[in-house]
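An overview of the molecular structure
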Amino acid sequence: LWQLGPGLMAVQAIAMVALGWYAANSFQRYTHERTLAELQRVLPLLANRYLQPVRDGLAESELDRMVKTDGQRSAIRITLIRPDGTAMADSDSDPRSMENHRFRPEVDAALRGAFESDLRRSATTHEPTTYLAQALMHNDQPMAVIRAALPLRAASNVPTDVMRAVGAAFTD
């Protein structure tokens, strides 16, 4: 019977690793879905807020001030992007130092009149982030794209607490 001990321990270890992998993937999917739902809720409000200032040709420095203020208040990253992909304003970074965004999936979709979210590591913040964008239209032409983004950590407190509780249950 004692000879079965190492084999049973190995099976338990493999089961724990598989369970951990499944839980981590499930929690990442859960946090992505939560951040996407939040972005879908706020993006129309942001588009409505910025449509008129962009249409009126408000100076980019003033747009940048607005998005920085709104981003700080909401904890959502906000970026205004020209149709050619260059950043006009960004709540977390200097837009002049940012890469071209024209072919980012969410920006490309917005310029085609569609909605597409993307989950990727931010080139600016280096965090896994969910993105969603919408074109700001005037006379059926995009004047700009407004993009909202939330890092996955913004929605991950509940799963982290659950994982701690599950982990504590296994150590008791």
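This text goes with the structure placed above it.
On a predicted model such as this, the values are computed, not experimentally measured, just so you know.

A separate point is the packing of aromatic side chains. Pairs of aromatic rings are described using the distance from one ring centre to the other and the angle between the two planes. What the rule picks out here adds up to zero aromatic pairs. One Lys or Arg, Arg49, reaches over the ring of Tyr50 and ends 5.5 Å from the middle of that ring.

Moving on, we come to the sheet that holds strand β1 (residues 77–81). Strand order across the open sheet formed by five strands is β2-β1-β5-β4-β3, with antiparallel pairing between neighbours. Edge positions in the sheet fall to β2 (87–90) and β3 (118–121), since each has one partner strand and no second. This sheet shows a mean twist of 30 degrees between the axes of neighbouring strands, independent of strand direction. Pairing geometry for β3 and strand β4 (residues 128–138), over four bridges, is antiparallel. Each bridged residue has a counterpart across the sheet, and for Arg120 the counterpart in β4 is Thr129. Of the strands in this sheet, β1, β3, β4 and β5 (141–151) touch helix α1 (residues 4–55), which is tilted by about 30 degrees from β4.

This part is about the side chain of Arg104. Residue position: Arg104 is located in the loop between β2 and α3 (105–111). Within the local environment of Arg104, its side chain forms a polar contact with the side chain of Glu99, the two groups lying 2.7 Å apart.

Thresholds, definitions, all that
- Residues numbered from 1 in each chain as written.
- Predicted model: local features only at pLDDT ≥ 70, side-chain atom pairs only at ≥ 80, totals over all residues.
- Heavy atoms only, no water.
- Phe/Tyr/Trp six-rings, centres within 6.5 Å; stacked < 30°, edge-to-face > 60°.
- Lys NZ or Arg CZ within 6 Å of the ring centre and 35° of its normal.
- Pairing = 2+ DSSP bridges.
- Helix = DSSP H or I, 4+ residues; strand = E, 2+ residues; numbered from the N terminus.
- Axes fitted to C-alpha atoms, helices over the stretch in contact; angles between N-to-C directions.
- Contact = heavy atoms within 4.5 Å.
- Polar contact = N/O pair within 3.5 Å; in protein donor to acceptor, adjacent residues only side chain to side chain.

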